[in-house]
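For reference, the chains in residue letters:
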Amino acid sequence: MNTTIPNTQIQKRAEWFDNLIATLRTHELQLETNTAPAELVEFYKNLMGNNIDELLKTNKALTQQHFVSKIILEFLKLLDKTLPRKLAFDFNDSEVLVWAEIDDNNDQQEKLIVRAESKINALFHAYGFDMETMIVEESDNLPIPNHYKVFKS
């Protein structure tokens, strides 16, 4: 059994480590010269103060931003330019919420949305994020809930 690490892996690791050190040195200079953004100052204050709760809170917010963005973009891609009449989004700790208004009796649009939601859930559930879609028809005459952000109206 060969346990040696291939050269390309060693090179990638070395490059990653070099970049990490360069980033840390840049941060150090920014902190010393008071040119660091407030978020960076706060991050290092929490890191050096061993404030794990605040670090995890920040990590949670960044993780949420990352996955919510990816989920919405993937959902729009899956709809393949066949957007419903109205479309809005919201999110909570672990879900992206979708409000979709379709034309009356548009079974094809409804199936497309349900299929897209299923694919999103299959892709992102392992990361702790899911999508839940509310599909209404035009004749329901329901307004988009106030807490949703309108994408298309």
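This write-up is about the structure you can find in this document. (Residues numbered from 1 in each chain as written. Predicted model: local features only at pLDDT ≥ 70, side-chain atom pairs only at ≥ 80, totals over all residues. Heavy atoms only, no water.)

1. Section: helix H1 (residues 7-32)
Turning to step 1, where the next piece is worked out: Its 26 residues give H1 an end-to-end C-alpha distance of 37 Å, which sits within 8% of 38 Å, the value for a rise of 1.5 Å per residue.
Turning to step 2, where the next piece is worked out: Positioned one or two residues after H1, Asn 34 has a phi angle of 55°, which is positive. (Helix = DSSP H or I, 4+ residues; strand = E, 2+ residues; numbered from the N terminus. Expected span 1.5 Å × (residues − 1).)

2. Let's talk about unusual backbone geometry
Turning to step 1, where the next piece is worked out: The backbone of Asn 50 shows a phi angle near 55°, a positive value even though the residue is not glycine.
Turning to step 2, where the next piece is worked out: Even without glycine at this site, Asn 105 takes up a positive phi of about 60°.
Turning to step 3, where the next piece is worked out: By the secondary structure assignment, Asn 105 is in the loop between strand E2 (95-102) and helix H4 (107-124).

3. Observations concerning the packing of aromatic side chains
Turning to step 1, where the next piece is worked out: Throughout the structure, instances matching the rule amount to 8 aromatic pairs.
Turning to step 2, where the next piece is worked out: Residues Trp 16 and Phe 17 carry aromatic rings whose centres are separated by 6.5 Å and whose planes lie at 40° to one another, so their mutual orientation is tilted.
Turning to step 3, where the next piece is worked out: Its relative accessible area of 53% is what places Trp 16 among the exposed residues.
Turning to step 4, where the next piece is worked out: A centroid spacing of 6.3 Å and a plane angle of 65° characterise the contact between Trp 99 and Tyr 148, whose relative ring orientation is edge-to-face. Here the residue Trp 99 occupies a position in strand E2, and Tyr 148 occupies one in the loop between strand E3 (130-137) and strand E4 (149-152), the gap between them amounting to 49 residues.
Turning to step 5, where the next piece is worked out: On the basis of relative accessibility, which here comes to 8%, the residue Trp 99 falls in the buried class.
Turning to step 6, where the next piece is worked out: Residue classification places Tyr 148 among the buried positions, given a relative accessible area of 12%. (Phe/Tyr/Trp six-rings, centres within 6.5 Å; stacked < 30°, edge-to-face > 60°. Buried < 20%, exposed > 50% of the residue type's maximum accessible area, 1.4 Å probe, protein only.)

4. Structural notes on the pairing of E2
Turning to step 1, where the next piece is worked out: In terms of residue burial, E2 counts as a mostly covered element, since 7 of its 8 residues are buried.
Turning to step 2, where the next piece is worked out: Here 6 bridges tie strand E1 (residues 86-91) to E2, and the two strands are oriented antiparallel to one another. Looking at E2, one finds that Phe 89 is bridged to Val 98.
Turning to step 3, where the next piece is worked out: As consecutive antiparallel partners, E1 and E2 are separated by 3 residues.
Turning to step 4, where the next piece is worked out: Read as a crossover between parallel neighbours, the route from E2 over H4 to E3 is right-handed. (Pairing = 2+ DSSP bridges. Right-handed = clockwise from strand over helix to strand, strands pointing away.)

5. Topic: the side chain of Asn 121
Turning to step 1, where the next piece is worked out: Mapped onto the secondary structure, Asn 121 falls in helix H4.
Turning to step 2, where the next piece is worked out: Apart from residues no more than four positions distant in its own chain, Asn 121 is found in contact with Asp 130 and Met 131. (Contact = heavy atoms within 4.5 Å.)

6. Examining the nonpolar core
Turning to step 1, where the next piece is worked out: Core analysis: the biggest nonpolar cluster contains 20 residues, and Phe 75, Leu 87 and Phe 89 have the highest contact counts within it.
Turning to step 2, where the next piece is worked out: Taken together, the elements giving at least two residues each to this core come down to helix H3 (52-79), E1, E2 and H4.
Turning to step 3, where the next piece is worked out: Counting residues per element, this core draws most heavily on H3, at 7 residues.
Turning to step 4, where the next piece is worked out: The residues touching Phe 75, leaving out its near neighbours within four places in the chain, are Leu 87, Phe 89, Val 98, Ile 113, Ala 116, Glu 117, Ile 120 and Met 131.
Turning to step 5, where the next piece is worked out: Listed in part, the 6 residues of the second largest apolar core include Ala 88, Trp 99, Val 136 and Ile 144. (Core = buried A, V, L, I, M, F, W, Y, C linked by side-chain atoms within 4.5 Å.)

7. Considerations on the pattern of salt bridges
Should the charged atoms of two oppositely charged side chains come close, the side chains can pair.
Turning to step 1, where the next piece is worked out: In this structure the tally under the stated criterion is 8 salt bridges.
Turning to step 2, where the next piece is worked out: The salt bridge involving Lys 77 is made with Glu 74; its shortest N-O contact spans 3.5 Å. Of this pair, Lys 77 and Glu 74 both sit in helix H3, 3 residues apart, which is roughly one turn of that helix.
Turning to step 3, where the next piece is worked out: You can call Glu 74 buried: its relative accessible area is 19%.
Turning to step 4, where the next piece is worked out: Because the salt bridges share partners, they merge into one network encompassing Arg 85, Lys 86, Glu 101, Asp 103 and Glu 138. (Salt bridge = Lys/Arg side-chain N within 4 Å of Asp/Glu carboxyl O.)

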